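The lines below spell out each chain.
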Amino acid sequence: MLNSVFVGRVPMAILVIVASVLPIWLLDFRPSDASLVEGPIELEHAVPVNQAAPVEQAVPPAPPEAAGPIPIDRKIRISRGDTLMGLMIEAGIERIDAYNAIEALRLHFDPRRLRPEHEIVASFTKENEAAEAETFTGLIIRPDRAVEYAVRRTGDGKFSAGKSVKEVERTLVRAEGVIRSSLYLSAVEAGVPAGVLQELVRIYSWDVDFQRSIQPDDRFDVMYERFFARNGTHVRNGEIIYANLVLQGDGHPLYRHTLADGSADYFDDKGKSARKALMRTPINGARLSSGYGVRRHPILGFNKMHRGVDFAAPTGTPIYAAGDGTVVFRGRNGAYGNYVRIRHNSEYSTAYAHLSKFNRRARNGQRVKQGQIIGYVGSTGRSTGPHLHYEILRRGRQTNPMRVRMPSGRNLKGEALARFRTERARIEEEFAGLTITRKAASAD
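Everything quoted here is computed from the prediction, not taken from an experiment.

Engineer: Explain helix 3 (residues 95-105) to me, and be specific about the residues and the numbers.
Structural biologist: Along helix 3, the positions that sit buried rather than exposed are Asp-97, Ala-98, Ala-101, Ile-102, Ala-104 and Leu-105. End-on view of helix 3: buried residues confined to an arc of 160°, all on one side of the axis. For helix 3, the exposed residues lying more than 90 degrees away from the buried face are Arg-95 and Ile-96. Those residues of helix 3 that are buried are in contact with helix 2 (84-90), strand 3 (135-142), strand 4 (147-155) and strand 5 (158-165).

Written out as structure tokens, the structure reads:
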């Protein structure tokens, strides 16, 4: 009975076991898809055993293309007495670069002609915004709106320079006025630009004492050049072609005339040069504060002979050599303070006292030209305020600069005089044909 029962139950147990195992067997032992493919298997991404697959990361963006050097332009301000070399060094330019740039510029522009009204722009580059080092690349000088001198670095510390000129048109302007209180105020009222007025004073400074010679109701006439660009923009003022000061009823006409050698100067109606060997007033814009003669000394408090004339002016006002000559003394000289003496010839010398400082080009033994800056107004020595004490010495003795008969300048003769007379007639015809312009120009 036991056997029958056991035999009857075996198939059922086997069936249960087979039913439980069969799905696993089928799952584990069924052929893979790879076994159905003939030939070797190439895996696209094989991962070594026991090594995790790499985590996919974002690809960093490509760095931007490197930008070129950053250009920098700086304007350089010019003051009286400044030199181009000094200005360039102050602007951060290496001395050797400044020297090489100036040497290239000399072929087109004399650095000694630099004036406060000129415009200078220095150019630099640096690698990027964060960089501190800058490289000097060039310089531009604009004496006026029509002319430009450019210096550019060419490599290996070398520079090249050039000049460009805008096309301009020349016109002549006529102005006149009656002097009520001063020539300056009357000229400004008539529209004469400041630069033209300064030149007007200069060309008459050899003969006219502007503190004493000019009286109310005296009058002036002036004809000068103005230049305009094609679009009508005013570029600059040019030279005075004709001027006439009528002092106490006497006319003093002057004409600009170019000589056969190419030089230009001013001559009176008889062909006599306005330029004298010595200037009576070697300073512009100054007031005569003390004349020649006995006076009560402002510091010593007693009467004392004043053997020169004093011109009151602000400290730093330029002082000019009264004539061509040689500097025979430059230095401290007792009560005179900082002092310069110039020997012009065997007969005449001039002296300048109380200077604040000297011009470095006016050294002992140095030749100077008339109108060259030799120093600047100050109050050194025995002085109560900034002024120039000026002396003219004839054969070593001080004389009154306002009364001494100045050595005459150049007189035209023969063929040169004939050419001048022809030019004088042409200038007078041009002047007569112009309409008087009350507000002829701006103050530039």
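Text resumes after the structure shown.
Engineer: If you had to explain the pattern of salt bridges to someone new, which residues and values would you point to?
Structural biologist: Overall, the coordinates contain 21 salt bridges when judged by the stated rule. A salt bridge links Arg-230 to Glu-167, with the nearest nitrogen and oxygen atoms 2.6 Å apart. Separated by 63 residues along the polypeptide, Arg-230 in the loop between strand 7 (219-229) and strand 8 (234-247) and Glu-167 in the loop between strand 5 and strand 6 (168-178) bring together distant segments of the chain. One exposure class covers both Arg-230 and Glu-167, and it is exposed. For Arg-219, the salt bridge identified is with Asp-221, shortest N-O distance 3.3 Å. On the accessibility criterion, Asp-221 (6% relative accessible area) is buried. Counted as one network, the salt bridges with shared partners bring together Arg-174, Glu-176, Arg-219 and Asp-221.

Engineer: Before we move on, can you summarise the sheet that holds strand 15 (residues 318-320) with the specific residues and values?
Structural biologist: Consider a sheet: its strands pair through backbone hydrogen bonds, and that pairing is either parallel or antiparallel. Strand order in this open sheet of three strands is 15-21-19, and the pairing throughout is antiparallel. Strands at the two margins of the open sheet, each flanked by one partner only, are strand 15 and strand 19 (357-358). Across three bridges, the pairing between strand 15 and strand 21 (residues 373-376) is antiparallel. The partner of Ile-319 across the bridge, within strand 21, is Gly-375.

Engineer: Summarise unusual backbone geometry; cite the residues concerned and give the values.
Structural biologist: What is expected of a backbone is that most residues other than glycine have negative phi and most peptide bonds are trans. Not every positive phi belongs to a glycine, and His-354 is a case in point at roughly 70°. Within the secondary structure layout, His-354 lies in strand 18 (residues 348-355). A residue is classified by how much of its surface remains accessible, and His-354, at 6% relative accessible area, is buried.

Calculation rules
Residues numbered from 1 in each chain as written. Predicted model: local features only at pLDDT ≥ 70, side-chain atom pairs only at ≥ 80, totals over all residues. Heavy atoms only, no water. Buried < 20%, exposed > 50% of the residue type's maximum accessible area, 1.4 Å probe, protein only. Helix = DSSP H or I, 4+ residues; strand = E, 2+ residues; numbered from the N terminus. Arc of directions from axis to C-beta. Contact = heavy atoms within 4.5 Å. Salt bridge = Lys/Arg side-chain N within 4 Å of Asp/Glu carboxyl O. Pairing = 2+ DSSP bridges.

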